[in-house]
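Chains, contacts and geometry: an overview
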Amino acid sequence: MKNDSIALKYSPQDIEDKWYQHWLDQNYFHSEPDNREPYCVVIPPPNVTGVLHMGHMLNNTIQDVLVRRARMQGKNACWVPGTDHASIATEAKVVAKLKEEGIDKKDLSREEFLKHAWLWKEKHGGIILEQLKKLGASCDWKRTKFTMDEDLYESVIDVFIDLYNKGLIYRGVRMVNWDPSALTAVSDEEVIHKEIQSKLYYLNYPIVGEKNQFVTIATTRPETILGDTAVCCHPDDERFLHLKGKSVIIPLVNREVPIIFDEYVDREFGTGCLKITPAHDINDYHIGIKHKLPSIDIFNDNGTINEKVGLYVGKDRFDVRKEIVKDLEKSGNLAKIEDYTNKVGFSERTNAVIEPKLSLQWFLNMQDIAKPALDVVMNDTIQFHPAKFKNTYRHWMENVKDWCISRQLWWGQRIPAYYGANGEVVVAKNKEEAFEKLRITNYDLRFEDVRQDEDVLDTWFSSWLWPISVFDGIRNPNNNKDLAYYYPTNDLVTAPEILFFWVARMIIAGLEYEKKIPFKNVYLTGIVRDKIGRKMSKSLGNSPDPLDLIQTYGADGVRVGMLLTSPAGNDLPFDEVLCEQGRNFCNKIWNAMRLVNGWEISKTIEQPEYARVSVDWFHAKMNEQIAIIEDHFEKYRLSDALMTTYKLMWDSFCSWYLEMIKPVYLQPIDAITHQQTVEIFEKLLQLLHPFMPFITEEIWHIFGDKQEDIIISNMPKSQGFDKTIIDKFETAQHVITEVRTVRKEKNIPQKEPLTLFVKKNNEPSEILFDSVVQKICNLEKLDYVSEKLENAASFIVKSTEFFIPLNDKIDKDAEKTKLLTELKQAENLLRSTQAKLSNERFVSSAPEQVIALERKKQSDAQQKIEVITQQIKQLS
RNA sequence: GAGACGUUAGCUCAGUUGGUUUAGAGCGCUUGCUUGACAGGCAAGAGGUCAUCGGUUCGAUUCCGGUACGUCUCACCA
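Residues numbered from 1 in each chain as written. Chains lettered and ligands numbered in written order. Predicted model: local features only at pLDDT ≥ 70, side-chain atom pairs only at ≥ 80, totals over all residues. Heavy atoms only, no water.

Once that is clear, we can look at the sheet that holds strand β12 (residues 273-276). If you walk across this open sheet you meet the 4 strands as β10-β11-β9-β12, and the pairing is mixed. Here the strands that pair on one side only, and so sit at the sheet edges, are β10 (247-249) and β12. Recorded for the sheet is a direction-independent mean angle of 30 degrees between the axes of neighbouring strands. (Pairing = 2+ DSSP bridges. Helix = DSSP H or I, 4+ residues; strand = E, 2+ residues; numbered from the N terminus. Axes fitted to C-alpha atoms, helices over the stretch in contact; angles between N-to-C directions.)

Next comes the structure, spelled out in structure tokens:
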């Protein structure tokens, strides 16, 4: 047999690496500009030292499906891969690793630290890209980029200088979100607010000059009383009006601070009296400015108490909270403690509690440059899939705040700002240039006294240029073949979580630097969750290792599993059974191949009638379904496109078509049918290839020697179809199902041949697919009669009666029960249509078509009732 | 606190420009099958007052409004 050398079960491990290497060897993934239509996707660059997680799997599977499909549609497909330096995350990892080795970052110079960081990057960088290859990602690896590559680095610096020269970048003291663990400011978007159970402490502040009088304030952060510079009440609050002009003593600290009045205070909350700590709360900060209050910063950068107040010096903020409550209790200033739920900001990268802190940072003014970026999304120049994210996007863009772009880190693009001896600042490409600029105002300046800003730029300040900088479009905007050809890119596939971090800012940068949108479509994936709805994360340990999954189910199986239940924008409730389903599907296809491949072919026998009509039917069916698949792709409904293809393969092709044309055991198949079947099979493989690249390439080559690989073959297009064939076959399918049911109910094995009689109607009742019905149902005879048959099992399909003579095998009671059920259904239907049709207002106002349909329903029901009633009569 | 979106079978989701004979799919479930490709399979089934209450209409799962629950975004009261 031909199948002797072919495994009984599909075994992905044997073929995946082989084909991936072959594709690489053939250079299929590499793209250079030519005269074909381009199709370009830039990867959302994963963290350079990260490892593949389920989110990446989903995201990159989707990209690969789009890219492979585009490639097969004859477009010049280019998927640009790369990684992100991820400044906070990577620096944190390097710091932690050094700490393990007993090295403190503080003891290293910037250069020494960066040397360690690069070593770390060389060691771990790109692991994730290797993992993507296992998934089958068809990235153009020759174009792999890293956000800290020299050219991309320089692009970032150029952009900073340009925006500074345009007056959009400024430096200022602001209240920023301070991450005391990473020791850097972070942007608003990097702060995650979480609800936590905490306490509300009521503290008594003695009033100066009033014995035993005090005001009570409520606070969740008693340790910050060290930095209090006022107590504030609402100006209309009668309870406190008598305190105007008075001051209070801060407990323990013994500092006298004024009582001020401001409408900001919510009279209903707490005691209606608020302590003001301008250095450590954003609202207090604003009140402080308004009332010209001093600001006392009580924290060191790492969240410990500094020496300014002389209490709790060097102790951590959370330890101090516990301690100060005890001390306040001792001193008699603690009135009470209540349970309280409030929201606290956490750092996205380090999960440390964010400390609002005043500091000198660099900002990008977002007001004006954001506007055009809002427009292109609202008017669908850039389309979001699903579109519901337009709302979210608009909301953010309309309320956009200035972007804090400096980070107190070393790993990243160092801010090209330079300071002279007196602190004067210039922005320049390098120290030499800065020196020249600074000398204009200070002739005596020595070169070695020029100092570069210590901070680096926010990671997103480099990734927002990604679709441009991967083509070197910032440094070389003109006569840039790649940029002119690939930009704007086509589709961006990413998670809604980084809509603002990244997507919005790429649009802004694209419009600012290319005057063109960076991509035409944004496909937003959902979040991969576990069975009980939790987000998959390392800390929860609920995320399977993607490579283990690939090992178990095969890359194709996992890809199918990921895609089966993930419409755009919907979370993906991941369950391994999905991968199992994907694997089973692979096996199904594999076995279909074994069947077709195993047949003996005869060139002498003619193509039987049943095979001829089966081929006609499948061609129609396939073209119908391809049109649907095309439509799904156009709407970015990848799950639906996959499911349609899945059913076409499994149901239409395997369960129906192959059974229809299958030659009887040990008989050869005629050459024409075999040829046509292989051609059909190959088209199905092509349709499946974007979803399941490996198995399709393998089977493609098992079916004879091919010069061309499936990966670069032409995707079949819908070529129109005859709907009447499809409809007629559907009727035949009903007949077949009914016969099978009769067999099952009467316990008649498939091997035992039956006879089927069709009662002739007024209408032509012959069913084009008689030969197929006869074969599939194992009928020794299929005939037309004009009279009913007795002692026969019967059923009705589309008001045509069918009879299977069974002699003694009829169970009259059972038959009757069945008929009565059907009768009831028909009567219900009749009743509902009659109710409608006898309603004059329905008849007068409903459209004609609807009425005609209702009439047809009525007559069909009547006819059916008549038929059933007669059958019942005959039984009794 | 403000806004957006959602609620259809046990689960995950389609769908209805308001009428398409009895609202669909996949998985799961039930019942038969050692059916000569496949038990990772085949066949036949069961499962839904389309969240809830009102309104518009001849007719509402579909349109409008209220309620409940859920998800997300933004803001935040110490």
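From this point on, the discussion continues.
Any two aromatic rings considered together are summarised by their centre-to-centre distance and by the angle between their planes. The full count for this structure, using the stated rule, is 37 aromatic pairs. When the centroid spacing of 5.3 Å and the interplanar angle of 45 degrees are considered together, the rings of Tyr10 and Trp590 count as tilted. Of this pair, Tyr10 sits in the segment before α1 (16-25) while Trp590 sits in helix α18 (residues 576-598); the two residues are 580 residues apart in sequence, bridging distant segments of the chain. The exposure classification of Tyr10 matches that of Trp590, with both residues buried. Between the aromatic rings of Tyr170 and Phe363, the centroid separation amounts to 5.5 Å while the plane-to-plane angle is 20 degrees, which identifies the pairing as stacked. On the criterion of sequence distance, the pair formed by Tyr170 in strand β5 (residues 169-179) and Phe363 in strand β14 (residues 355-364) is long-range, its members being 193 residues apart. (Phe/Tyr/Trp six-rings, centres within 6.5 Å; stacked < 30°, edge-to-face > 60°. Buried < 20%, exposed > 50% of the residue type's maximum accessible area, 1.4 Å probe, protein only.)

Across its 24 residues, helix α23 (residues 723-746) extends 35 Å between first and last C-alpha, which sits within 8% of the 34 Å expected from 1.5 Å per residue. Of the positions making up α23, those classed as buried are Ile725, Ile726, Phe729, Thr731, Ala732, Gln733, Val735, Ile736, Val739, Val742, Arg743 and Lys746. Following α23 by one or two positions, Asn747 has its phi on the positive side, about 60 degrees. (Expected span 1.5 Å × (residues − 1).)

This part takes up the environment of His291. In this fold, His291 is placed in the loop between α7 (282-290) and α8 (317-330). Residue classification places His291 among the partly exposed residues on the basis of a relative accessible area of 26%. Put simply, His291 and Leu819 are 528 residues apart on the chain and 88 Å apart in space, counted from C-alpha to C-alpha. Setting aside anything within four residues of it in sequence, one finds His291 in contact with Ile260, Phe261 and Asp262. (Contact = heavy atoms within 4.5 Å.)

The next point concerns unusual backbone geometry. Here the amide bond leading from His385 into Pro386 is cis, since omega sits at 0 degrees, within 30 degrees of zero. Between Tyr487 and Pro488 the backbone carries a cis peptide bond, its omega angle lying at 0 degrees. Counting through the fold element by element, Pro488 comes out in the loop between α14 (481-486) and β22 (489-494). With a phi close to 65 degrees, Asn351 is a non-glycine residue in the positive phi region. Note on placement: Asn351 falls in the loop between β13 (334-347) and β14. At Asn778, a position not held by glycine, the phi torsion is positive, near 55 degrees.

The next thing to look at is the protein's contact with RNA strand B. Residues in contact with RNA strand B amount to 62 residues; listed here are only the nearest, Phe269, Asn283, Tyr340, Tyr665 and Leu829. Protein-proximal atoms of RNA strand B, defined as those within 4 Å of the protein, fall in sugar or phosphate at a share of 58%. Between RNA strand B and Asn587, the relevant distance is 2.8 Å, taken from a sugar or linking oxygen to a side-chain nitrogen or oxygen of the residue. Contact between RNA strand B and Lys588: a phosphate oxygen at 2.7 Å from a side-chain N or O atom of the residue. Take the surface near RNA strand B: its biggest share by element is 9 residues, from α18. (Near = heavy atom within 4 Å. Polar contact = N/O pair within 3.5 Å; in protein donor to acceptor, adjacent residues only side chain to side chain.)

Listed as buried for helix α16 (residues 546-553) are Pro546, Leu549, Ile550 and Tyr553. The buried residues of α16 occupy one face: seen down the axis, they fall within an arc of 100 degrees. Structurally, α16 contributes buried residues whose contacts are with α1, α2 (54-72), α5 (127-135), α17 (555-564) and α18. Two or three places before Leu547, at the start of α16, stands the capping residue Asp545, its side-chain oxygen 2.9 Å from that residue's backbone nitrogen. Count one or two residues on from α16 and you reach Gly554, which has phi positive near 85 degrees. (Arc of directions from axis to C-beta.)

Attention now moves to the pattern of salt bridges. This model, assessed by the stated rule, comprises 54 salt bridges. The salt bridge involving Lys199 is made with Asp339; its shortest N-O contact spans 2.7 Å. Of this pair, Lys199 sits in strand β7 (residues 191-206) while Asp339 sits in strand β13; the two residues are 140 residues apart in sequence, bridging distant segments of the chain. On the basis of relative accessibility, which here comes to 37%, the residue Lys199 falls in the partly exposed class. The exposure class assigned to Asp339 is exposed, which follows from its relative accessible area of 61%. One salt-bridge network, in which partners are shared between bridges, spans Glu154, Asp158, Lys429, Asp472 and Arg475. (Salt bridge = Lys/Arg side-chain N within 4 Å of Asp/Glu carboxyl O.)

The subject of this paragraph is the packing of α16 against α17. Following both chains from N to C, one finds α16 and α17 inclined at 115 degrees, their axes separated by 6 Å at the closest point. Classified by the angle their axes make, α16 and α17 are roughly perpendicular. Residues Leu549, Ile550 and Tyr553 of α16 form the contact with α17, whose participating residues are Ala555, Gly557 and Val558. Residue composition of the contact of α16 with α17, grouped by class: 5 nonpolar, 1 polar and no charged. (Parallel < 35°, antiparallel > 145°, perpendicular 65-115°, else oblique. Nonpolar A, V, L, I, M, F, W, Y, C, P; charged D, E, K, R; others polar.)

Attention now goes to a negative patch on the surface. On the surface, Asp545, Asp548, Glu576 and Glu580 cluster together into a patch of negative charge. Take Glu580: it is sitting in helix α18. (Patch = residues over 30% accessible without salt bridge, like charges linked within 9 Å, V, L, I, M, F, W, Y side chains within 5 Å. Areas by Shrake-Rupley, 256 points an atom, 1.4 Å probe, with all protein chains shown as cover. Lys, Arg positive; Asp, Glu negative; His and termini not counted. Charge placed at Lys NZ, Arg CZ, Asp CG, Glu CD.)

Taken together, 3 strands build an open sheet; the order of strands is β15-β23-β22 and the sheet is parallel. Two strands in the sheet have a free side with no partner beyond their single neighbour: β15 (383-385) and β22. Pairwise comparison of adjacent strand axes, ignoring direction, gives a mean angle of 20 degrees for this sheet. Bridge analysis of β22 against strand β23 (residues 519-524) gives 5 bridges, and the strand direction is parallel. Considered in β23, the bridge of Leu492 is made with Val522. Along the sheet, α2 makes contact with β22 and β23, crossing β22 at roughly 155 degrees.

The residue Gln581 is located in helix α18 in this model. A sequence separation of 17 residues divides Gln581 from Leu564, and the C-alpha atoms of the two residues are 9.1 Å apart. With sequence-adjacent residues up to four places away left out, Gln581 is seen in contact with Leu564 and Tyr646.

The next thing to look at is the nonpolar core. In terms of nonpolar packing, the biggest core is built from 188 residues, with Leu364 and Phe461 touching the most fellow members. Not counting residues within four places of it along the chain, the set of residues in contact with Leu364 comprises Leu163, Leu168, Ile169, Ile369, Asp402, Trp403, Ile405, Phe461 and Trp464. The next biggest cluster of nonpolar side chains, apart from the first, holds 29 residues, and it includes Tyr205, Val253, Val257 and Ile296. (Core = buried A, V, L, I, M, F, W, Y, C linked by side-chain atoms within 4.5 Å.)

All right, on to the packing of α17 against helix α22 (residues 693-702) then. For the pair α17 and α22, the least separation of the axes is 7 Å and the interaxial angle reads 130 degrees. When the axis of α17 is compared with that of α22, the two are oblique. Contact residues: α17 offers Ala555, Asp556 and Arg559, while α22 offers Pro693, Phe694 and Ile695. Taken together, the residues of the contact of α17 with α22 break down into 4 nonpolar, no polar and 2 charged.

Another point: the side chain of Lys275. By the element assignment, Lys275 lies in strand β12. Overall, the relative accessible area of 4% leaves Lys275 in the buried class. A polar contact is formed between the side chain of Lys275 and the side chain of Thr224, at a distance of 2.7 Å. Separated by 2.8 Å, the side chains of Lys275 and Asp228 make a polar contact.

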